[in-house]
Amino acid sequence: MKTSHKFSFTFDSRPLLTEYASAKVGYEKHFNTSFYKGEWSGFALKKPETALHNLFAGNNQSDKYLDTELAKKLPETQKVIDFFKCEKTSVRVLKLTAGSGIKPHSDEGLNFFDGFVRLHIPIQTNPDIEFIVAGEKLEMKEGECWFADFNQIHSVYNHGDIDRLHLVIDMKVNEWLKELFLKERIIERGEQAPDPMDSYPTEVKKEIVQHLMQQGTETSIKTAQQIMKKYSLII
């Protein structure tokens, strides 16, 4: 699976900006203040029913998501959301003001193989945004739609002189979304979730093998041998 991808389709972001001004939407500061410096704020269009904060995107314990009252007042934004024929969980518009930054962090459970993905659609941006995912800088332009694996370490810094505004949509993977990801070559047909052990240091892999060998069962020994063969380990 790709770590990030720009989709082949785009949206017109101008009507979204216009309706935010017309609706005089208010921006609430993000509750996770340790994650950023400066001002990171936004408003929610869909959120977990039990959310203590409006900008909370939910987690594995969240099972019911509700549209906010504001969502009904923003039909142009809703048209963009409805383009994606799958269940949405969290939907937010997030603003990062000029001179502000979101520190390096990762968001668990936002990987295609976890059954959830997060897409970003820039509504207002500038060339001096530094959006880094897994060490790669993503050059996102207004109206584009981007996928990224936010399980990976990522950060955002606004070095420009205008605010960055993104529509951020979290959604559940279904057949429609799976076919879209296949068409866009984000995943390949038949691709499986990566083995978490792939990221383990060699010494950790060796410790796991040794532990399995010490168990002494037919199954544990066979598993240890498979790991040694896959990673070319010499114990």
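In this text, all values refer to a predicted model and were calculated from it rather than measured experimentally.

Peer 1: What is the right way to look at the overall build of the chain in this model?
Peer 2: What the chain contains, in helices and strands, is five helices and 13 strands. By its C-alpha atoms, the chain is 70 × 35 × 35 Å across when sized along the principal axes. Looking at the chain as a whole, 44% of its 235 residues are labelled buried. By element, 50% of the accessible surface of the chain is carried by carbon and sulfur atoms, the whole surface being about 12,900 Å². Each charge class in the chain was averaged separately, 31 positive and 34 negative side chains, and the resulting centres sit 2 Å apart.

Peer 1: Is there a simple way to explain the packing of helix H4 (residues 202-215) against helix H5 (residues 218-231) in this structure?
Peer 2: Packed helices, taken two at a time, are described by their axes: the angle between them and the distance between them. One way to put it is that H4 packs onto H5 with a least axis distance of 7 Å and a crossing angle of 155°. With respect to their mutual orientation, H4 and H5 come out roughly antiparallel. Seen from above, H4 lies across H5 with left-handed handedness. Residue-level contacts link Lys 205, Ile 208, Val 209, Leu 212, Met 213 and Gln 215 of H4 to Ser 220, Ile 221, Thr 223, Ala 224, Ile 227, Met 228 and Tyr 231 of H5. When grouped by side-chain class, the residues that make up the contact of H4 with H5 number nine nonpolar, three polar and one charged.

Peer 1: Explain empty space enclosed by the protein to me, please; I cannot follow it from the model alone.
Peer 2: Throughout the structure, instances matching the rule amount to one cavity of 30 Å³ or more. Considered as a void within the structure, the largest cavity measures approximately 30 Å³ in volume. Forming the boundary of the largest cavity are Phe 11, Asp 12, Ser 13, Leu 16, Val 80, Ile 121, Pro 122, Ile 123 and Leu 167. Looking at which element gives the most residues to the lining of the largest cavity, the answer is strand S8 (residues 116-124), with three residues. Considered class by class, the residues forming the lining of the largest cavity number seven nonpolar, one polar and one charged.

Peer 1: It is not clear to me how the side chain of Ser 4 should be interpreted in this structure. Could you clarify?
Peer 2: Within the secondary structure layout, Ser 4 lies in strand S1 (residues 4-10). Beyond its immediate sequence surroundings of up to four residues, Ser 4 is in contact with Glu 136, Leu 138, Phe 147 and Ala 148.

What counts, and where the lines are drawn
Residues numbered from 1 in each chain as written. Predicted model: local features only at pLDDT ≥ 70, side-chain atom pairs only at ≥ 80, totals over all residues. Heavy atoms only, no water. Helix = DSSP H or I, 4+ residues; strand = E, 2+ residues; numbered from the N terminus. Buried < 20%, exposed > 50% of the residue type's maximum accessible area, 1.4 Å probe, protein only. Areas by Shrake-Rupley, 256 points an atom, 1.4 Å probe, with all protein chains shown as cover. Lys, Arg positive; Asp, Glu negative; His and termini not counted. Charge placed at Lys NZ, Arg CZ, Asp CG, Glu CD. Axes fitted to C-alpha atoms, helices over the stretch in contact; angles between N-to-C directions. Parallel < 35°, antiparallel > 145°, perpendicular 65-115°, else oblique. Left-handed = near helix turned anticlockwise from the far one by under 90°. Contact = heavy atoms within 4.5 Å. Nonpolar A, V, L, I, M, F, W, Y, C, P; charged D, E, K, R; others polar. 1 Å grid on protein atoms, 1.4 Å probe; cavity = no way out; pocket = protein on both sides within 12 Å on 5 of 7 lines; lining within 4 Å. Points joined across faces, edges and corners; volume = space filled by probe spheres on them.

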